[in-house]
Amino acid sequence: DAKTTQPPSMDCAEGRAANLPCNHSTISGNEYVYWYRQIHSQGPQYIIHGLKNNETNEMASLIITEDRKSSTLILPHATLRDTAVYYCIAALTGGGNKLTFGTGTQLKVEL
Amino acid sequence: NAGVTQTPKFQVLKTGQSMTLQCAQDMNHEYMSWYRQDPGMGLRLIHYSVGAGITDQGEVPNGYNVSRSTTEDFPLRLLSAAPSQTSVYFCASSYSIPRSSYNSPLHFGNGTRLTVT
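All values reported here derive from a predicted model rather than from experimental measurement.

(A) Structural context of the overall build of chain B. Of the regular secondary structure elements, chain B holds zero helices and eleven strands. When the helices and strands of chain B are read in sequence order from the N terminus, they spell out β-β-β-β-β-β-β-β-β-β-β. Over its C-alpha trace chain B gives a radius of gyration of 14 Å, about what one expects of a compact globule, namely 13 Å for 117 residues. With respect to the principal axes defined by its C-alpha atoms, chain B has extents near 45 × 25 × 25 Å.

(B) Layout of the side chain of B:His29. Residue and element names in this part refer to chain B. The topology assignment puts histidine 29 in the loop between strand 3 (19–25) and strand 4 (31–37). We classify histidine 29 as buried; its relative accessible area is 1%. A distance of 3.3 Å separates a polar side-chain atom of histidine 29 from the backbone nitrogen of serine 94. With residues up to four places along the chain from it excluded, the contact list for histidine 29 reads Arg68, Thr71, Ser93, Ser94, Tyr95 and His107.

(C) How the structure looks around the sheet that holds strand 3 (residues 32–38) of chain A. Residue and element names in this part refer to chain A. The strand order 1-9-8-3-4 describes an open sheet built from five strands, whose pairing is mixed. This sheet does not close on itself; its edge strands, each paired only once, are strand 1 (9–13) and strand 4 (45–50). Each neighbouring strand pair of the sheet contributes to a mean axis angle of 25°, computed without reference to strand direction. Examined bridge by bridge, strand 8 (residues 84–91) and strand 9 (residues 105–110) share three bridges and lie antiparallel to one another. The residue bridging tyrosine 86 from the neighbouring strand is threonine 105, located in strand 9.

(D) Summary view of the packing of aromatic side chains. Residue and element names in this part refer to chain A. Counting across every chain of the model gives ten aromatic pairs over all chains. Consider the rings of tyrosine 36 and phenylalanine 101, whose centres lie 5.5 Å apart with planes at 70°: the pair is edge-to-face. Placement of tyrosine 36 in strand 3 and of phenylalanine 101 in the loop between strand 8 and strand 9 is noted, with a sequence separation of 65 residues between them. By relative accessible area, tyrosine 36 is classed as buried at 0%.

(E) Structural detail: the state of the cysteines. All names here are of chain A. Overall, the coordinates contain two disulfides over all chains when judged by the stated rule. Note that cysteine 22 is cross-linked by a disulfide to cysteine 88, the S-S spacing being 2.0 Å. Where cysteine 22 bonds to cysteine 88 through sulfur, the torsion about that S-S bond is close to -80°, and the disulfide is left-handed. Note that cysteine 22 is positioned in strand 2 (residues 18–23) and cysteine 88 in strand 8, a separation of 66 residues in sequence. Neither cysteine 22 nor cysteine 88 differs from the other in exposure class; each is buried.

(F) Structural view of the nonpolar core. Grouped together as the largest cluster of nonpolar side chains are 22 residues, with contacts concentrated most on A:Leu20, A:Trp35, A:Leu73, A:Leu75, A:Tyr86 and A:Leu107. Put simply, the parts of the chain that give this core at least two residues each are strand 2, strand 3, strand 4, strand 6 (61–64), strand 7 (70–75), strand 8 and strand 9 of chain A. By residue number, the principal contributor to this core is strand 8 of chain A, which donates four residues. Counting 20 residues, the second largest nonpolar core, distinct from the first, contains B:Leu13, B:Met19, B:Met32 and B:Ile46.

(G) Quick peek at the interface of chain A and chain B. On the side of chain B, 27 residues touch chain A, which itself brings 24 residues to the contact. Summed over both sides, the interface between chain A and chain B buries roughly 2000 Å², with carbon and sulfur atoms accounting for 51% of that surface. Inspection of the region where chain A meets chain B yields seven residue pairs in polar contact (both at pLDDT 80 or more). Put simply, the parts of the chain that give the side of chain A that touches chain B at least two residues each are strand 3, strand 4 and strand 8 of chain A. The dominant element in the side of chain A that touches chain B, judged by the number of residues it contributes, is strand 3 of chain A, at four residues. Among the residues making up the side of chain A that touches chain B, the classes are represented as ten nonpolar, 13 polar and one charged.

Cut-offs and rules
Residues numbered from 1 in each chain as written. Chains lettered and ligands numbered in written order. Predicted model: local features only at pLDDT ≥ 70, side-chain atom pairs only at ≥ 80, totals over all residues. Heavy atoms only, no water. Helix = DSSP H or I, 4+ residues; strand = E, 2+ residues; numbered from the N terminus. Rg over C-alpha atoms; globule rule 2.2 N^0.38 Å. Buried < 20%, exposed > 50% of the residue type's maximum accessible area, 1.4 Å probe, protein only. Polar contact = N/O pair within 3.5 Å; in protein donor to acceptor, adjacent residues only side chain to side chain. Contact = heavy atoms within 4.5 Å. Pairing = 2+ DSSP bridges. Axes fitted to C-alpha atoms, helices over the stretch in contact; angles between N-to-C directions. Phe/Tyr/Trp six-rings, centres within 6.5 Å; stacked < 30°, edge-to-face > 60°. Disulfide = S-S within 2.5 Å. Core = buried A, V, L, I, M, F, W, Y, C linked by side-chain atoms within 4.5 Å. Buried area = accessible area lost by both parts, 1.4 Å probe. Nonpolar A, V, L, I, M, F, W, Y, C, P; charged D, E, K, R; others polar.

Function-wise, these values are silent; they only describe arrangement.
Here you go:
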């Protein structure tokens, strides 16, 4: 799996968009980018994934650069409940799901 | 549909004791795995299983045993607990899609907090 690099922490005002960057410059052509988050003391929660195209679901949007070397997770209207550690993972498997979770970005949403 | 259920939520052991952390899922997922999480570190994969009767080692398997006799259950055994095994343990499951580059999203339990004194 390709290594990913994320800032250790970010702050965001409630109601504003939170843009979380991730660098994955060594990603291979068929590795997906996955985002998970972990709210304090809970198990990680899947957010979104993508390969090449931008993706959007009810939780977030994922923007992947054309060269696929970086991506941004966007929470369009952050709330206090979005305070969590966000993990960006680049992974390819042949039937397993051995995701490698780094230390992620601690997002703090404040009033 | 309960998802992934881990028991117990909390456990304190003395060095040398043995115990089993239980994990059960009701989503008919083929893939199950165990992670441990230590302060300031990400999650590290201990063992995983791609189906009943099949297990394999992850990044940090030493000191832990697993078995997968049914699709639903994937217990993690500590044969002789050590203080270095003090951690939060998470079980996760997903569908397994062989020969595909796509990972079905992992579903995690809420963890077992283990302290070894």
